[in-house]
Amino acid sequence: MVDVARDGAGVPAARRSPGGRADVFDKRLDASAMLRAVAETGVSPFYRPMRAGGGEARVDGRSVVMAGCNDYLGLAHDPRVIAAATGALERYGASCSGARTLNGTLPLHGELESRIAAFLGTEDAAVVTTGLQANLALAALFGPGELVFSDAANHASLIDAIRLGAARRTVYRHGDAAHLDGLLAAADPHAAAAVVTDGMFSMDGDLCPLPALTAVARRHGARLVVDGAHDIGLLGEGGRGVGEHFGLREEIGLYTGTFSKCFGSTGGFLAGPAEVIGYLRYSARAVLFSASMPPAALGAALAALDLAQQEPWRRDRVLRLAARLRSELRASGLDVRDGVTPVVPVRVGDDARCVRMWQALLDEGVYTNAVGAPAVPEGGCLIRVTLQATHTDAHLERIVDAFAAAARRTGLPRETPPPRPA
Ligand code: PMP
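Residues numbered from 1 in each chain as written. Predicted model: local features only at pLDDT ≥ 70, side-chain atom pairs only at ≥ 80, totals over all residues.

A. Molecular detail of the UniProt feature "domain: Aminotransferase class I/classII large" (unreviewed entry) in the protein chain. The UniProt record marks residues 68–403 with the feature "domain: Aminotransferase class I/classII large" (unreviewed entry), using the residue numbering of this structure. For residues 68–403, the end-to-end C-alpha separation is 14 Å, with 42% helix and 16% strand making up the annotated structure. (UniProt positions renumbered as here; feature names shortened; annotations may be inferred. Helix = DSSP H or I, 4+ residues; strand = E, 2+ residues; numbered from the N terminus.)

See below:
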């Protein structure tokens, strides 16, 4: 028999078996600083049911500005995307009920693959069920005796892919191509090597230094793999991501990406040379052993991919709104990181302050994301604001006003605001 006591927060406190064996179930939820802050403050920003659309959301029966979702182009609720999802659902059913290799391939999967490859200008693309799986599939590329160099701020799924693979992992300082250069220079010059980076980093919204990474990767004969989850659809003249933004598309050896951010759906892809994609289709366990991207998601992604190309105003709009939001939040004294993307991180310090600030913002009518470790370093909590092309100027003003009021209410220390231009 296992003896389980409960502490005040309802968390199992200690489990002991009579034989003294440790218990695999003996895990404490409140080991995370953020969850301790949740227990202390009684405020939980997580798993809150809501319904979003048009730049707003209904949370706790109230209508608030949705400033915490990755639908940057505002396509997830577009009637044309919904109609395409409904059409595919009615035609093909709710599920493919199997993996791509067997019964899980619809004509729509092939169509989406051709369209993604044509959009990014790659030889081929493979569509998988989530962006996370697209990254996990990379594990099949990273073999024994090979080397993978990974940015310290890479997405968890890239980190997991590298851990799952057999190659040796070396982490370089975030965005530091000189550090990467030194590490590559010290590594076995004959071993196959890949540099793996997010194109746009999900928490701070900053971009990888692609020109410098490209030069380093070239100098050392390493392949460059870029996770374009956030930037494909958003950045560059035609929305083709950081490669296009920096004029270096041909330098990216392999892309991974998602349909869950700019493309209003759910699903993921890998895009690159035909041989590599062909190999991954038959070797990547994340592709082989999971049911395929479902019909409604395929219909939505196909429609959103078209709209993202036909309506470039969406990119312009959300990037312009982000520039304005950054400068207005800064003018009110908040600690906002520099950048050009619609992910606008506001540094708030420790976890308790972060959840209090999050609740105060919600009370003021704005839903944001509270972010703590492990997504960011301990004590470096963020309120992460994300914008959408469908936000109005009035939404933006509500976000700025809510921050000013919430910072006052929670006593968030503010820098001395720079003087406003006359
Ligand atoms: N890569 C990055 C950089 C991401 O931010 C995310 C999602 N947060 C993913 C991959 C995973 O994408 P998906 O949600 O489609 O699984």
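B. Seen up close, the site of the ligand. Of all residues adjacent to the ligand, which total 14 residues, the nearest are Gly-131, Leu-132, Ser-202, Ala-229 and Thr-258. Within the shell around the ligand, the residues separate by chemical class into 2 nonpolar, 10 polar and 2 charged. (Near = placed C-beta within 6 Å. Nonpolar A, V, L, I, M, F, W, Y, C, P; charged D, E, K, R; others polar.)

C. Region of the structure containing the sheet that holds strand β14 (residues 366–367). Spatially, 4 strands are ordered β3-β4-β5-β14 in an open sheet, and the strand pairing comes out mixed. Looking at the sheet topology across the chains shown, the edges are occupied by β3 (50–53) and β14. Note that strand β5 (residues 62–66) and β14 share 2 bridges and pair parallel. Along β14, the bridge assignment pairs Val-65 with Val-366. (Pairing = 2+ DSSP bridges.)

D. Spotlight on the pairing of strand β13 (residues 343–349). Most of β13 sits inside the fold, with 5 of its 7 residues counted as buried. Here β13 runs beside strand β16 (residues 381–386); their pairing, made up of 6 bridges, is antiparallel. Its bridge partner being in β16, Pro-345 is matched across the sheet by Arg-384. (Buried ≥ 20, exposed ≤ 12 C-beta atoms within 10 Å, placed from the backbone.)

E. Representation of the nonpolar core. Judged by nonpolar contacts, the single largest core of 130 residues is most densely connected at Ala-137, Phe-149, Leu-270, Ala-301, Leu-361 and Ile-383. In terms of residue count, the dominant contributor to this core is helix α11 (residues 295–310) (10 residues). In this structure, this core is formed jointly by two domains, domain 1 (32–73 + 312–410) and domain 2 (79–310), each of which donates at least three residues. For Leu-361, the contacting residues outside a window of four places in its chain are Val-366, Thr-368, Ile-383, Ala-402, Phe-403 and Ala-406. (Core = buried A, V, L, I, M, F, W, Y, C linked by C-beta atoms within 7 Å. Domains from an automatic or database assignment. Contact = placed C-beta atoms within 7 Å.)

F. Focus on the domain arrangement of the protein chain. Under the domain assignment used here, the protein chain contains domain 1 (32–73 + 312–410) and domain 2 (79–310). One C-alpha centre belongs to domain 1, the other to domain 2; they are set 27 Å apart. Between domain 1 and domain 2, the residue contacts involve 17 residues of the former and 13 residues of the latter. Considering each element in turn, the side of domain 1 that touches domain 2 owes the most residues, 3 residues, to β13.

G. Looking closely at the pairing of β5. Pairing of strand β4 (residues 56–59) with β5 involves 4 bridges; the strand directions are antiparallel. Its bridge partner being in β5, Arg-58 is matched across the sheet by Ser-63. The turn linking β4 back onto β5 is made up of 2 residues, and Asp-60 within it adopts a positive phi angle of 50°.

H. The sheet that holds strand β7 (residues 147–151), seen in detail. Across the sheet, 7 strands lie side by side as β6-β12-β11-β10-β9-β7-β8; this open sheet has mixed pairing. The two strands at the open ends of the sheet, each matched to only one other strand, are β6 (124–128) and β8 (168–172). The average angle at which neighbouring strand axes cross in this sheet is 20°, direction not considered. Sheet topology places strand β11 (residues 254–258) next to strand β12 (residues 268–272); 4 bridges connect them, and they run antiparallel. Across the sheet, Tyr-255 pairs through a bridge with Ala-271, a residue of β12. (Axes fitted to C-alpha atoms, helices over the stretch in contact; angles between N-to-C directions.)

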